[in-house]
Amino acid sequence: MTKLPGKPIIPFTPTVDAVGDPTTCYCCGMRAVALGIATNPKPDPQYLCRRCIVAIDDYKKIRSLDQYELAALDGGVDAIGDWIAERGIGTELAHYDELDQRMLVKAAWEGCARRLRELIASGSAPF
């Protein structure tokens, strides 16, 4: 997967809404509660959820996805591409109803999990 210019490789940004309240955890994408990890919180404080707050010291050391997470992310991208091609709706989310939007995310989620399971089954995962 190639990083797009001007876009972070981690898809969980921004972590604030229009009034500055926490929305999405910077690390895992779950619902954020508070405690940002950005050194200069002006553009985005990089808020965290409760579970990630507990592990803040470890997260400060990790700034990018590892090779297995990137491979899983690629699996999600592939699954989304297949789902969009199968449905024939196109890539504009404005044309999707609520169910189609959720099914798109489900395809990405399952694609990530499927790719990670493939890596584990092949014995190439470090755990």
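Use the structure listed above.
Residues numbered from 1 in each chain as written. Predicted model: local features only at pLDDT ≥ 70, side-chain atom pairs only at ≥ 80, totals over all residues. Heavy atoms only, no water.

1. Structural notes on the environment of Pro 45
And then number 1: Residue position: Pro 45 is located in the loop between strand E1 (34–36) and strand E2 (47–48).
And then number 2: In this structure Pro 45 comes out as buried when scored by relative accessible area, which is 13%.
And then number 3: Along the backbone, Pro 45 and Asp 21 are 24 residues apart, and their C-alpha atoms lie at a distance of 9.9 Å. (Helix = DSSP H or I, 4+ residues; strand = E, 2+ residues; numbered from the N terminus. Buried < 20%, exposed > 50% of the residue type's maximum accessible area, 1.4 Å probe, protein only.)

2. Focus on the pattern of salt bridges
And then number 1: Enumeration over the complete set of coordinates arrives at five salt bridges.
And then number 2: Between Lys 106 and Glu 110 there is a salt bridge, with the nearest N and O atoms lying 3.9 Å from each other. Separated by four residues within a single helix, Lys 106 and Glu 110 lie in helix H4 (residues 98–121), roughly one turn from each other.
And then number 3: Relative accessible area serves as the criterion here: at 40%, Lys 106 is assigned to the partly exposed category.
And then number 4: Classification of Glu 110 as partly exposed rests on a relative accessible area of 37%.
And then number 5: In this structure, Arg 115 engages Glu 118 in a salt bridge whose closest nitrogen and oxygen atoms are separated by 3.6 Å. (Salt bridge = Lys/Arg side-chain N within 4 Å of Asp/Glu carboxyl O.)

3. Comments concerning the nonpolar core
And then number 1: With seven residues, the main nonpolar core is built from Cys 25, Tyr 26, Ile 37, Leu 48, Cys 49, Cys 52 and Ile 56.
And then number 2: Formed by five residues, the second largest nonpolar core is a distinct cluster that contains Trp 83, Ile 84, Tyr 96 and Ala 107. (Core = buried A, V, L, I, M, F, W, Y, C linked by side-chain atoms within 4.5 Å.)

4. As for the packing of aromatic side chains
And then number 1: Throughout the structure, instances matching the rule amount to one aromatic pair.
And then number 2: Centroid distance Trp 83 to Tyr 96: 5.8 Å. Interplanar angle 55 degrees. Geometry classified as tilted. Here Tyr 96 lies in the loop between helix H3 (67–87) and H4 and Trp 83 lies in helix H3, a separation of 13 residues in the sequence. Just as Trp 83 is buried, Tyr 96 falls in that class too. (Phe/Tyr/Trp six-rings, centres within 6.5 Å; stacked < 30°, edge-to-face > 60°.)

5. A word on the state of the cysteines
And then number 1: Counted according to the given criterion, the structure contains zero disulfides.
And then number 2: Of all cysteine sulfurs in the structure, the one in Cys 49 sits closest to Cys 52, which takes part in no disulfide; the separation is 3.6 Å.
And then number 3: Its relative accessible area of 3% is what places Cys 52 among the buried residues. (Disulfide = S-S within 2.5 Å.)

6. Notes on the side chain of Asp 100
And then number 1: As for its position among the elements, Asp 100 is in helix H4.
And then number 2: A distance of 2.7 Å separates polar atoms of two side chains, one belonging to Asp 100 and the other to Arg 87.
And then number 3: Not counting residues within four places of it along the chain, the set of residues in contact with Asp 100 comprises Trp 83, Arg 87 and Ile 89. (Polar contact = N/O pair within 3.5 Å; in protein donor to acceptor, adjacent residues only side chain to side chain. Contact = heavy atoms within 4.5 Å.)

7. As for H3
And then number 1: In this model, H3 (21 residues) spans 30 Å end to end at C-alpha, consistent with the 30 Å of a helix rising 1.5 Å per residue.
And then number 2: Taken as a whole, H3 has its buried residues at Tyr 68, Ala 71, Ala 72, Leu 73, Gly 75, Gly 76, Ala 79, Trp 83 and Ile 84.
And then number 3: In this fold, the buried residues of H3 make contact with H4.
And then number 4: Where H3 terminates, the next one or two residues include Gly 88, which has phi positive at roughly 70 degrees. (Expected span 1.5 Å × (residues − 1).)

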